[in-house]
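# Fold and contact review
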Amino acid sequence: MKRAVKVTVNGKAYAHEVEPRLLLVHYIRDMLGLTGTHVGCDTSNCGACTILINGRAVKSCTLLAVQAEGASIQTVEGLATDGKLHPIQEGFWEEHGLQCGFCTPGMMLTAVDLLQRNPDPTEEQIRMGIEGNLCRCTGYQHIVNSIQHAARKMRGAAGRATPR
Amino acid sequence: MIPAAFEYFSPQSVKEAIGLLEKHGDDAKILAGGHSLLPIMKLRLAQPKVIVDIGRISGLSGIKADGQKVAIGALTTHDAIERDAVLKEKCPLLAETAAVIGDMQVRNRGTIGGSAAHADPAADYPAALLALGAEIVAIGPKGTRTIPAGEFFVEMLTTALKPTEIITELRVPVLARGTGAAYQKHPHPASGYAVVGVAAVVTMSGGKCQSAAIGVTGVAGKPYRATAVEKALIGQSLDETTAAKAAAHAAEGVDPQGDLYASGQFRAHLASVYTKRAVLLAASRAK
Amino acid sequence: MAVSKLFGAKIKRREDPRLITGRATYTDDMQISGLAYAEIVRSPHAHARIKRIDVEAARRQPGVVAVFTGKDLQGVINPIPTAWLIPNADLKTPPHPALAVDTVRYVGDGVAVVVAEDRYAARDAAAQVRVDYEILPAVVDQQQAMAAGAPLLHADVPNNQAFKWALGNGEATAAAFKEAARDGVVIAQRFLNQRLIPNAMETRSVVARYNSGSGDLTVWYTTQNPHIARFLMSVVTGLPEHKIRIVAPEVGGGFGSKIPFYADEAIVVFCARKTGRPVKWTEDRRENYLTTIHGRDHITDLEVAARRDGTITALRGKTWANLGAYLSTAGPGIPTILHGLMLTGCYTIPNLDYVVYGVFTNTTPVDAYRGAGRPEATYLIERIVDLVAAKLTLDPADVRRKNFIPPDKFPYTSAEGLAYDSGNYGPALDKALAAVDYRRLREEQKRGPRNGKLLGIGLSTYVEICGLGPSSVVGSTGFQGGLWESAVVRLHPTAKATVFTGTSPHGQGEETTFAQVVADELGLPIDDIEVVHGDTAAVPMGWGTYGSRTTVVGGAAIVLAARRVREKAAKIAAHLLEAAEKDIVFDQGRFYVRGSPDKAKTIQEVTLQAYLAWNLPPGVEPALEASAFYDPTNFTFPFGSHVAVVEVDAETGQVALKRYVAIDDCGRVINPLIVDGQVHGGLVQGIAQALYEGAAYGRDGQLITGTMADYAVPKAHMFPTFETGRTETPSPHNPLGVKGVGETGTIASTPAVVNAVADALRSYGITTHLDMPLTPERAWNAIHGQRREVKAR
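Residues numbered from 1 in each chain as written. Chains lettered and ligands numbered in written order. Predicted model: local features only at pLDDT ≥ 70, side-chain atom pairs only at ≥ 80, totals over all residues. Heavy atoms only, no water.

## A few points about the sheet that holds strand E3 (residues 50-53) of chain B
Residue and element names in this part refer to chain B. Applicable threshold: When DSSP locates at least two bridges between a pair of strands, those strands are taken to pair. The helix and strand labels rest on DSSP assignments: H or I over at least four residues marks a helix, E over at least two residues marks a strand, and numbering proceeds from the N terminus. The axes are straight lines fitted to the C-alpha atoms, using for helices just the contacting stretch, and the angles between their N-to-C directions are given from 0 to 180°. Contact between two residues is taken to exist if any of their heavy atoms lie within 4.5 Å; hydrogens are not considered.
Strand order in the open sheet formed by 3 strands is E1-E3-E2, and the pairing between neighbours is parallel. Because the sheet does not close on itself, it has two edges, and the strands there are strand E1 (7-9) and strand E2 (28-31). Put simply, the sheet's adjacent strands are angled 25 degrees from each other on average, direction ignored. Together, E1, E2 and E3 form the strand contacts of helix H1 (residues 14-24), whose direction differs from that of E3 by roughly 165 degrees.

The following block contains the structure:
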């Protein structure tokens, strides 16, 4: 029996009837057509499917769509606003943080959560922070640089926004 | 990668949830955060006919100090436990353990109740829960009962919970003055689960170990208290040599499990090393 | 050559905007109206006879469109071929049916396929296909498979021996060993290059659409080489090549695993034709581990002969290469041509005697995984050079220097018969040792363990065969294709350019590097250049992306095509400027008469005139476009020196990689940012072979490392920041002077790390041989086995 699910994805409200077993990642990819969120494994190890639910990075392959009922979801498609790249996207572009690009959306969304918690992470904290995201291309070094780039940029922006 | 079909319920109250469990018996599985259950359902290693999603029941998450105990709601995420100020002050061992579970995304979603109920023999929490002498509070058709951690983990993937019971909260003691605790883990390079995980709670007095509780996970078919180590520690002034000597008993009386990564024999060795390290770190924190 | 502007510049990648915004289209992202989904039913047994398949229950499942078995494919889908028929090796090529008909030979062998309305229905129905198996004894180890009485996989392949391939000079080598036994040293060691799983983050996926009206077949799929795929698709399906279009959309990594032509794509095409529906099939990761090719899996017995001064005089050995249950597309060529020909590495080792047995086992087929044969060879030579140094108590750096091919010997013909194009190995080693402060580390090591940690320093000085490759040479090795490359450079009337390449990059960044090259050659802004690849309908021909060939061979084709465009443009410019062509100078996009730079025609003006064709010189055709088909005259031979510094925790055996210095020479560098990225990625894969990765089978043929929770794809925190640097020795025969860099990291790093761990143990008197991956238990056993207590310092 199908269940109603209502979610907000990248600021847009959606309502569907879904099979309870439908994985959130399949809901996002196949029903909403947002294919920037990828599937890389079956066992919650690779992190390619990482999205933000209510601001927190989670693996959308390890959630049923019905569990997301009422949630606010952000996917890679929602990172840039008004055609302007998010600092994490800029970081990945500037620092060559991606090669094949398959892990990149999940990696960036994990980094967004990481930087929310810790705006000035050390290299070690970044490397530990992305332990749930596997990349087979980059050797991670440029990803670390990308996240550091974004961190600087976001701290700078936050600094400017802070009233004196 | 796709679970088999099931009937889905998302009860709004514990009572409603228990009613569903009573009705569906062994066909039903409880879904909390989903991070233990869904992976095995996706591989179709588990194919429950009924899912009771307790994620929408209010009042099952949150951390609060309650006299000499800290109560942690079953649906509290690992992330919340890792970052909770009350726990950091009153029972930092649990926060320290939560911080090394899985990865950030898993910690954002996985719950302590779900992890405990799943009883993976390589999960991290059980070591800490055993060493702390935690209590697991469960509610069922006949009301609430409190299960000591030492009786909770029965065997691999099996707990003392009845099919109709739901964990509502876990209670851990506030660490007394003079007591230090530490969790030391050797993570599996792929899964991140504990190849060996040792939680040590050590009380020092006058430079000697007054009491010790050692919880070990990952080594045997179920988590256990390393009682021989505990005994050997008492009365010792803890240094590298005395701690190592006591820790040599870390896998005594258990049957260490081997796998491709580490044989049973090597696991037993690692248990000793990580026990020593956890004990020394805990002792250094005992103030 | 014109002054370069973009060659050598750190240009941000032009493929990135679509990738970082989630707007790229990978195969599984494809949506076509009427799309159905396929699920392949696979054998749970490593070796079994199929007694009966019952598909009726599956057919009755809701949403099922069709169910097919191997019998349905018989006579319609031809066996899956191998494309590397190595000569003089008595190669056996038993048939490989796309779906098994009577026998399954590895866990994952396909037995049936279900087509349904969605993924979920397909999976459910697949679970309802009932297969009765008669389980047969299985064999997974290649030496056991060759032993008398071992289960036979293929009726007409005795001893499961697919081939026996030999190289070298047995007599001269025997003489060298005799001499060394008398006056020098002989060392023998068994080495294992364990089986690895490639783990491209995107699993394989196929979308096939067949138009029964036109007879056109379009297949979007995860391939590194769409034109080879088209050719093989034609062979396997019987459809004519010109009616097949293969598109490699965005491809999420390959590392060799997306080179082969798999049974699965033929099955999906069959389903699309039979059902009249477009059909999508996407592997899940567990399926990927079972059915996408694996890499490595060699057992090698190797001997080395050396003089007392460390001069190596001969190598002799045997390798048993596990090929899996069937010959994959390039399967036979990897452990022979790409492996054996590299054994002597960067050293003047005059004598070689080497035999490789290719063996069938009840395991997943083995083919090219990043480096493909060359990492295995580098591991052997770099490990055994260290053993020579240890035996003679010489510094491993000195032994390497002593045996390096001297710079004045290039081009150098190796004992294997290859002509190394250029090299200068000493400076790369010096630079690496200086970067790591080798002397200080050795002194530090002499002071003994600190905090129970053993310090180890490991070297790897490597050379590799890249830029595959001259067609006549690869043809002589039995490769059933050429390895030249095509390019088309097309200027449009507004002087925007489309560049077509027959290579098929999938992360390597050539949409950027190729644009840099063309921008320089034609003086165009880089944003005016688009690089198109991966579509057989758009690109004339090509052989794909692998073997560090894309920039080397594909880039050369592009530069030649661009120069042809420029020559034609110069003719038109001369005509417009009323000057002789020989007097025309081209600089930064402007044509002018020598000495009069103010009076110029820009490339944009000339291009427009080429298309208007109002005033073209006699004999010059309209439009501005050129193609080139570049066949390299030789391979390229990148080289370098890597140093790994490790600490081994004597208490747990845990190895910590503390530093890693990589000095690589890949010839000229077009984009340093991209080259660094290639090196980093390669390093992680090579280091992970040393420390973490390894596929393992049970004796029954079940894959024990069947998921990412079991098989350790390495994580970010397992590595230090790599310290990279370069020397630059251009390839003399390549028009761009490039040598390729896609595989260097993988080829070099594995032995560097293992040498470092062995060095750490040796510094403490422990000489036990270790096999990869160097898990804590293995290192600890080595330490513990020799009963050494590590004292605190």
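## Looking at the layout of surface pockets
Worth spelling out the cut-off: Here a cavity denotes a set of grid points, spaced 1 Å apart and computed over the protein atoms alone, in which a 1.4 Å probe fits but from which it cannot get out, and a pocket denotes an open set meeting protein on both sides within 12 Å along at least five of seven lines; residues with an atom within 4 Å of a point are reported as lining. Grid points are joined across faces, edges and corners, and a volume is the space filled by probe spheres set on the points.
Taken as a whole, the second largest pocket spans an internal volume of roughly 1800 Å³. Listed by contribution, the elements that provide at least two residues to the lining of the second largest pocket are helix H3 (104-117) and helix H4 (123-129) of chain A, helix H3 (78-83), helix H6 (104-109), strand E11 (179-187) and helix H12 (264-285) of chain B together with strand E26 (639-649) and strand E27 (655-665) of chain C. Sorting elements by how many residues they give to the lining of the second largest pocket places H4(A) first, with 6 residues.

## Let's talk about empty space enclosed by the protein
Residue and element names in this part refer to chain C. Convention followed: Just so you know the grouping, Ala, Val, Leu, Ile, Met, Phe, Trp, Tyr, Cys and Pro go in nonpolar, Asp, Glu, Lys and Arg go in charged, and all remaining residues, Gly too, go in polar.
Taken as a whole and assessed by the stated rule, the structure comprises 9 cavities of 30 Å³ or more. Estimates place the volume of the largest cavity at around 340 Å³. Along the wall of the largest cavity there are 25 residues; nearest its centre are Asp 28, Arg 119, Thr 282, Glu 283 and Asp 284. Class assignment of the residues belonging to the lining of the largest cavity gives a composition of 8 nonpolar, 5 polar and 12 charged. Taken together, 21 residues form the lining of the second largest cavity, with His 96, Tyr 106, Tyr 262, Ala 263 and Pro 365 sitting closest to its centre. A per-element tally of the lining of the second largest cavity places helix H8 (residues 263-275) first, with 3 residues.

## What about the packing of helix H7 (residues 226-237) of chain C against H8(C)?
Residue and element names in this part refer to chain C. Rule in force here: For classification purposes, angles smaller than 35 degrees are called roughly parallel, those larger than 145 roughly antiparallel, those between 65 and 115 roughly perpendicular, and all remaining angles oblique. We call a crossing left-handed when the near helix sits turned anticlockwise from the far one by less than a right angle, and right-handed when that turn is clockwise.
Running from amino to carboxyl end, H7 crosses H8 at an angle of 60 degrees, the nearest separation of the two axes being 11 Å. Comparing the axis directions of H7 and H8 gives the class oblique. Considering the relative orientation of H7 and H8, their crossing is right-handed. Contacts between H7 and H8 pair Met 233, Val 236 and Thr 237 from the former with Glu 265, Ala 266, Val 269 and Arg 273 from the latter. In terms of residue class, the contact of H7 with H8 is made up of 4 nonpolar, 1 polar and 2 charged.

## A word on the interface of chain C and chain A
So the rule is basically this: The quantity reported as buried area is the accessible area (1.4 Å probe) lost by two parts once they are put together, taken as the sum for both. The working definition used for a salt bridge is a side-chain nitrogen of Lys or Arg within 4 Å of a carboxyl oxygen of Asp or Glu.
At the interface, 54 residues of chain C touch 47 residues of chain A. Both sides of the chain C and chain A interface together cover about 4400 Å² of buried area, and 55% of this is carbon and sulfur. When the area that chain C buries against chain A is broken down by residue, the three leading residues are Ile20(C), Tyr120(C) and Met201(C), summing to 19%. Scanning the region where chain C abuts chain A turns up 6 salt bridges. A salt bridge links Asp30(A) to Arg119(C); the nearest nitrogen and oxygen atoms lie 2.9 Å apart.

## Remarks on the domain arrangement of chain C
Residues and elements named next belong to chain C. Definition in use: Here the bounds of each domain stem from an automatic or database domain assignment. Pairs of N or O atoms are called polar contacts if they sit within 3.5 Å, as long as, within protein, a hydrogen donor faces a hydrogen acceptor (for residues adjacent in sequence, only side-chain-to-side-chain pairs).
Parsing chain C into structural domains produces domain 1 (16-22 + 484-630), domain 2 (32-136 + 204-253 + 258-282) and domain 3 (295-468 + 634-785). Each of domain 2 and domain 3 has a C-alpha centre, and the two are 37 Å apart. In this assembly, 25 residues from domain 2 lie in contact with 24 residues from domain 3. Roughly 1800 Å² is buried in total at the junction of domain 2 and domain 3, and carbon and sulfur atoms are behind 67% of that figure. Considering only the side of domain 2, the residues that lose the most area to domain 3 are Trp 84, Arg 105 and Tyr 106, jointly responsible for 32% of the buried surface there. One can count 0 salt bridges joining domain 2 with domain 3. On inspection of domain 2 and its partner domain 3, the count reaches 10 residue pairs in polar contact (both at pLDDT 80 or more).

## Things to note about the side chain of Thr159(B)
Structurally, Thr159(B) is set in strand E9 (residues 158-159). The residues touching Thr159(B), leaving out its near neighbours within four places in the chain, are Ala116(B), Ala117(B), Ala119(B), Phe152(B) and Val154(B).

## With respect to the UniProt feature "domain: Aldehyde oxidase/xanthine dehydrogenase a/b hammerhead" (unreviewed entry) in chain C
What counts, and what does not: UniProt positions are given in the numbering used here, feature names are shortened, and annotations may be inferred rather than shown by experiment.
Under the local residue numbering, the UniProt record ascribes the feature "domain: Aldehyde oxidase/xanthine dehydrogenase a/b hammerhead" (unreviewed entry) to residues 21-137 of chain C. Structurally, residues 21-137 of chain C comprises 15% helix and 30% strand, and the distance from its first C-alpha atom to its last is 51 Å.

## Topic: helix H4 (residues 119-126) of chain C
So the rule is basically this: Exposure is judged per residue with a 1.4 Å probe applied to protein chains only, and the accessible area is read against the type maximum: over 50% gives exposed, under 20% gives buried, and values in between give partly exposed.
Most of H4(C) sits inside the fold, with 8 of its 8 residues counted as buried. Looking at the buried residues of H4(C), the elements they touch are helix H1 (24-31) of chain A together with strand E1 (36-42), helix H2 (56-60), strand E3 (64-69), strand E5 (110-116) and strand E12 (279-282) of chain C. If you check the start of H4(C), you find a side-chain oxygen 2.8 Å away from the backbone N of Tyr120(C), and it comes from Asp118(C).

## Here's the deal with the environment of Gly140(B)
Residue and element names in this part refer to chain B. As for its placement among the helices and strands, Gly 140 is situated in strand E6 (residues 135-140). For Gly 140 and Glu 22, which are 118 residues apart along the polypeptide, the C-alpha to C-alpha distance reads 9.2 Å. Setting aside chain neighbours within four positions, we find Gly 140 in contact with Ile 18, Thr 164 and Glu 165.

## Some thoughts on the environment of Pro493(C)
Residues and elements named next belong to chain C. Along the chain, the position of Pro 493 falls in the loop between strand E19 (485-491) and strand E20 (497-501). Pro 493 sits 69 residues away from Ala 562 along the chain, and the two C-alpha atoms are 16 Å apart. Once residues within four sequence positions are removed from consideration, Pro 493 is found in contact with Thr 607, Leu 608 and Tyr 611.

## With respect to the sheet that holds strand E10 (residues 216-221) of chain C
All names here are of chain C. The 7 strands are arranged E3-E5-E1-E12-E9-E10-E11 in an open sheet whose pairing can be described as mixed. Taken across any chain shown, the strands that pair with only one partner, and hence form the sheet edges, are E3 and strand E11 (244-247). The mean inter-strand angle of the sheet, taken between neighbouring strand axes irrespective of direction, is 20 degrees. Here 4 bridges tie E10 to E11, and the two strands are oriented parallel to one another. Bridge pairing links Trp 220 to Val 247 in E11. In the packing of H4 onto the sheet, the strands contacted are E1, E3, E5 and E12, and the crossing angle to E1 comes to about 25 degrees. In the packing of H7 onto the sheet, contacts are made with E10 and E11, and the angle to E11 comes to roughly 140 degrees.

## Describing the packing of aromatic side chains
All names here are of chain C. We apply this condition: Pairing of aromatic side chains here covers Phe, Tyr and the six-membered ring of Trp, requires ring centres within 6.5 Å, and sorts the geometry by plane angle: under 30 degrees stacked, over 60 edge-to-face, intermediate tilted.
Tallying each qualifying case throughout the model produces 20 aromatic pairs over all chains. With a centroid separation of 6.0 Å and an interplanar angle of 5 degrees, the aromatic rings of Tyr 347 and Phe 404 are classed as stacked. Remark: Phe 404 occurs in the loop between helix H12 (396-403) and strand E16 (412-413) and Tyr 347 occurs in the loop between helix H10 (337-340) and strand E15 (351-360); sequence separation between them is 57 residues. The exposure class assigned to Tyr 347 is buried, which follows from its relative accessible area of 1%. Residues Trp 484 and Phe 629 carry aromatic rings whose centres are separated by 5.7 Å and whose planes lie at 65 degrees to one another, so their mutual orientation is edge-to-face. One end of the pair, Trp 484, is in the loop between helix H15 (471-476) and E19; the other, Phe 629, is in strand E25 (residues 624-630), with 145 residues separating them in the sequence.

## Some points on the nonpolar core
The line we're drawing: What we call a nonpolar core is a set of buried Ala, Val, Leu, Ile, Met, Phe, Trp, Tyr and Cys residues that are connected through their side-chain atoms within 4.5 Å.
If you look at the biggest cluster of nonpolar residues, it comprises 172 residues, and the most contacted ones within it are Val648(C) and Tyr660(C). With 9 residues, helix H11 (residues 374-391) of chain C is the single largest residue contributor to this core. Setting aside residues no more than four positions away along its own chain, Tyr660(C) makes contact with His642(C), Val643(C), Ala644(C), Leu683(C), Ile687(C), Pro720(C), Phe722(C), Glu723(C), Ala748(C), Ser749(C), Ala752(C) and Val753(C). In this structure, Cys103(A), Ala150(A), Ala46(C) and Met201(C) belong to the second largest nonpolar core, which totals 54 residues.

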